[in-house]
Amino acid sequence: MKILKIFPLLLALCALALPSRAQLMYKPEKGTFALMHATIHTITQGTIEDGTVVIQDGKIQAVGKAVNIPAGAESIDCSGKEIYPGLIDAGTHLGLGEVESVSLTQDYNEIGDLVPEMQALTAVNPNSVAIPVTRVNGVTTVLTMPAGGRFPGTAALIDLNGYTPNQMFAGYKVVVLNWPRSGGFGRFDRRSPEDIKKAEEKALKDLNEYWDLAKEFAMLDAAAHKSGKPRNTDYNPAMEALLPVVNGQAPLLIEVEKDKDILSALRWIKEKKVNAILGGVSEGWRVADSIAAAGVPALVGPVIDLPSRPSDRYDAAYANAGKLNKAGVKIAIRTMQTENVRNLPYHAGFAAAYGLGKEEALKAVTINPAEIFGVADHLGSIEKGKQANLIVTDGDPFETKTNIEKVFIQGWDIPLDSRHIQLYHEFLDRQPGLKK
Amino acid sequence: MKPIHILIFLLFAGTGLVWGQPAKGSLLIKNGTVLTVTKGTLANSDVLIVDGIIKKIGKNISAPKGVEVIDATGQYVMPGIIDAHSHIGIDAVNEATNPVTADVWVGDALDPMDVSIYRALAGGTTTSHAMHGSANVIGGQCETIKHRYGTTNPNDLRMEGAPRTIKFALGENPMRVHGEGNDIIPRTRMGVEEVIRRAFSEAQAYQAKWDAYNKEMKTNPRALSPAYNRRLETLADVLSGKVMIHCHSYRADEILMLMNVCKDFGIKKICFQHVNEGFKVAPELANFGAYASVFADWWAYKFEVYYSTAYNAAILTRNGVVTSINSDSPDLIRHLYHEAAKTQHYGGLTDDEALALITINPAKQLGVDDRIGSLEEGKEGDVAIFSHHPLSVYAVPVKTIIDGVVYFDIDKDPADIRVQIDPENLPTYQVQTEEDRCMQGVFEYLFENR
């Protein structure tokens, strides 16, 4: 048999083939890296030409023109390249949903209207196919959010590297409140104007009653602390979750879109003395001055989206971020996407083109979200001592044709690989082609 | 003309039943960077449009008397963008009542007042393929429209003379609507094939009866005609090549299936729509001569698009498949130039290759590439002007022109037309839930008929 004769040869060939197969297994690598001769956009401390960034122990160990390279560091020549902080998306469902139409793969929408205790971080799937797809486009950190009822749960900021939610956790959580939406719900809403108004009033009344309950719970909790005795209340995880929020120790992310509703939310924030952030604000441009006066930051987006009303100018969503910024609102940009969070740079680019400007747009996906989320001590810019989340590009990170050439998250050198890229390599020149 | 004819004409004209032709204009666009798409890029050049037709492209063209001049210095002039898959400008999308509805036509439901048309213009898109939805295996006939916004006459939207097209749909949507929803075939991709083969076979039989009748008529004027059936007549036109199939499809297997069915029934031309797994069968698509109209990066919104890649358009292009990027969305249709640019990020297409995806290639897929899709002398005067190169993320469309008439001008855009109406009495906030307008009208139907 011929096959027997060539079998050892085949075996040898297989053995030879193994190392190249093994190379297809990409893994993040940790180490000491010196990214040299790059244009470094620090965001907070200007731009450094022909500079070096040293990454060690997961942190940015040095930034500047003349820095000491630690012994054993891997030098990476970045001549002609640009370094930016990893981009931060201030609102997504990344990791919480896999296939949109398959409900059992959707983990962001729990049953119940009042479930602030639901933890997005718990349900983050570190192995979601969308995560590598996202980070190869330069997005390194996202706020991933629950959705649904009045208090749908607690959102979490995650870095896009790690095999457990805790490894990914980037140090910030926030309870989400979906502000009661006034008005009808489109052409299938057959309620009378009176009924709509009643429903609005009831929703606000219910919210306030629930808030009062949380306040009472906080009083009981404070009293128990003072007396040193255990708190005499039933198990109530929702109230537990709201406790730091009503005490003003933790922030509240209020999702609100319509102009009128933004104004009522702002009144409520003032009255209840809440440490609040606004999310969505698609009609923020109508009441930008009020938001600025209240000093409440806003997570704006999606930017690449339709106007909210048929009569709006066609670019209302593109221009919203720019108008809010001009009015003096601190903004961060978000996509509100699951599988296409990778488009964050383009959302920022559109905002830049329609009034925000490049520089402010860059802040809106780096230092601004870091500051709004209270994590600017370790994220959002390229500074000594900050966590090493950064990207190396061959150009403007918002420009569509720009390539992301390196991604570092928590100091890990992230493989530039994803299922989309793997399919490209497999099928660009498919073998076998037409014939068997 | 006899007086009676004049009288009839005046009567019809008076009641508005005789409509004028859509306006044709004359313009000279001066000194822009002209992206012809098919004949290279011309720096500091002019485009002269006379009576709706591109008369001349070149340097230092002077304006004929009375022709308006548009200064495009520092700007980019490209062919009006063409969307081979959309559902704007129509007020019905799905006739989701049967797996085969070849008898219906979205051309009967044109809505010239749809604000999406204006928004598309504001994104440089001048022509779109207003399609039936994807609820049925064989859906309704579609209409190629030009975005002549501002008219109240639905007929003004039609791109006169554009070839007839019909929507087909494979996979999850028809399976969900008819199999899961109504407990009839198809519930599987086997059933989808069966529905198409049965419909085509019935159409063949129908055509044979008419052929026999027409033959008999020559010798027997009293021959009895077969019963007229618009559904089967349309399908017979599909088989004879008079109506081109545009087929919603995702998975590689179902794409191969339809190509095999087409071969068996002698159908030569087909355009696959969405075709997210087209990259897996790119050699087969190229070999058949099938067209592909894809999304730049949509995936994971349902299971059949989970194994997608944003490199789809690049792989198809490199394998020789005539490919376009479409919107299927009133949002995406406003920034197809940006969607096309994504193929430079995912697969490194050249500027001309990327621009072809939204101009000459969709024109080929709609059978109108002799009229639009590139800036060439003799073609129709459909032009989009941008502030930056249209493949830049910073590009802002500034003027959009159809037949030499300016339909969008960023400097004359009303800042907020809401001032003319009471904002509190509007139909309120627009709820945006339907990303995939392909299925518009289906869920209401299912809920009401369960």
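Residues numbered from 1 in each chain as written. Chains lettered and ligands numbered in written order. Predicted model: local features only at pLDDT ≥ 70, side-chain atom pairs only at ≥ 80, totals over all residues.

Engineer: Please explain the overall build of chain B as it appears in this structure.
Structural biologist: When you go through chain B residue by residue, the secondary structure sums to 12 helices and 16 strands. Looking at chain B residue by residue over its 450 residues, the buried ones come to 53%. If you take every contact in chain B between residues at least 6 apart in sequence, the share linking residues at least 24 apart comes to 71%. (Helix = DSSP H or I, 4+ residues; strand = E, 2+ residues; numbered from the N terminus. Buried ≥ 20, exposed ≤ 12 C-beta atoms within 10 Å, placed from the backbone. Contact = placed C-beta atoms within 7 Å.)

Engineer: Just to check I follow, could you spell out the sheet that holds strand 8 (residues 138-146) of chain B for this structure?
Structural biologist: Whether parallel or antiparallel, the strands of a sheet pair through hydrogen bonds between backbone atoms. Residues and elements named next belong to chain B. Spatially, the 8 strands line up as an open sheet ordered 6-7-8-9-10-11-12-13, and their pairing is mixed. One side of each edge strand has no neighbouring strand; the edge strands of this open sheet are strand 6 (81-86) and strand 13 (323-325). On average, adjacent strands in this sheet sit at an angle of 25° to one another, irrespective of strand direction. Across the sheet, helix 6 (residues 252-264) lies against strand 10 (243-249) and strand 11 (270-274), angled at about 160° from strand 10, the strand it touches most. (Pairing = 2+ DSSP bridges. Axes fitted to C-alpha atoms, helices over the stretch in contact; angles between N-to-C directions.)

Engineer: Looking at this structure, I do not really get helix 5 (residues 193-227) of chain A. What am I missing?
Structural biologist: Given 3.6 residues per turn, any residue in an α-helix points the same way as the ones three and four places further on. Taking 1.5 Å of rise per residue, 35 residues should cover 51 Å, and helix 5 of chain A covers 51 Å from first to last C-alpha, within 8% of that figure. Directly after helix 5 of chain A, the chain includes G228 of chain A, whose backbone phi takes a positive value near 75°. (Expected span 1.5 Å × (residues − 1).)

Engineer: Whenever I open this one, the domain arrangement of chain B confuses me. Can you help?
Structural biologist: Interface size is often expressed as the accessible area that is lost when the parts come together. Residue and element names in this part refer to chain B. According to the domain assignment, chain B contains domain 1 (19-79 + 374-411) and domain 2 (81-372 + 414-450). The set of elements that each furnish at least two residues to the side of domain 1 that touches domain 2 consists of strand 5 (76-79), strand 14 (383-386), strand 15 (397-402) and strand 16 (405-409). The greatest single-element share of the side of domain 1 that touches domain 2, amounting to 3 residues, is contributed by strand 15. The residue makeup of the side of domain 1 that touches domain 2, split by class, is 16 nonpolar, 3 polar and 3 charged. (Domains from an automatic or database assignment. Nonpolar A, V, L, I, M, F, W, Y, C, P; charged D, E, K, R; others polar.)

Engineer: Would you mind going over the domain arrangement of chain A with me for this structure?
Structural biologist: Residue and element names in this part refer to chain A. As assigned here, chain A comprises domain 1 (28-86 + 380-436) and domain 2 (87-378). A straight line from the C-alpha centre of domain 1 to that of domain 2 covers 30 Å. Contact with domain 1, which involves 27 residues of that partner, is made by 29 residues of domain 2. For the side of domain 1 that touches domain 2, the secondary-structure elements that each account for two or more residues are strand 15 (390-393), strand 16 (404-409), strand 17 (412-414) and helix 13 (419-427).

Engineer: Please clarify how the nonpolar core should be interpreted in this entry.
Structural biologist: Here is a general trend for soluble globular proteins: nonpolar side chains tend to be buried in one another's company. Formed by 240 residues in total, the largest nonpolar core has its most connected members in L278, I333 and A351 of chain A. When residues of this core are assigned to their parent elements, the largest contribution, 9 residues, is made by helix 10 (residues 344-356) of chain A. With 5 residues, the next largest nonpolar core counts A96, A135, V177 and C438 of chain B among its residues. (Core = buried A, V, L, I, M, F, W, Y, C linked by C-beta atoms within 7 Å.)

Engineer: How should I be thinking about the interface of chain A and chain B in this particular structure?
Structural biologist: Chain A puts 41 residues into the contact, and the matching count from chain B is 49 residues. With 5 residues, the top contributor of residues to the side of chain A that touches chain B is helix 10 of chain A.

Engineer: Would you take a moment to explain the sheet that holds strand 10 (residues 169-178) of chain A for this structure?
Structural biologist: Residue and element names in this part refer to chain A. Across the sheet, which stays open at both edges, the 8 strands sit in the order 7-8-9-10-11-12-13-14 with mixed pairing between neighbours. Each edge of the open sheet carries a strand with a single partner, namely strand 7 (87-92) and strand 14 (331-333). Within this sheet the neighbouring strands show an average axis-to-axis angle of 25°, counted without direction.

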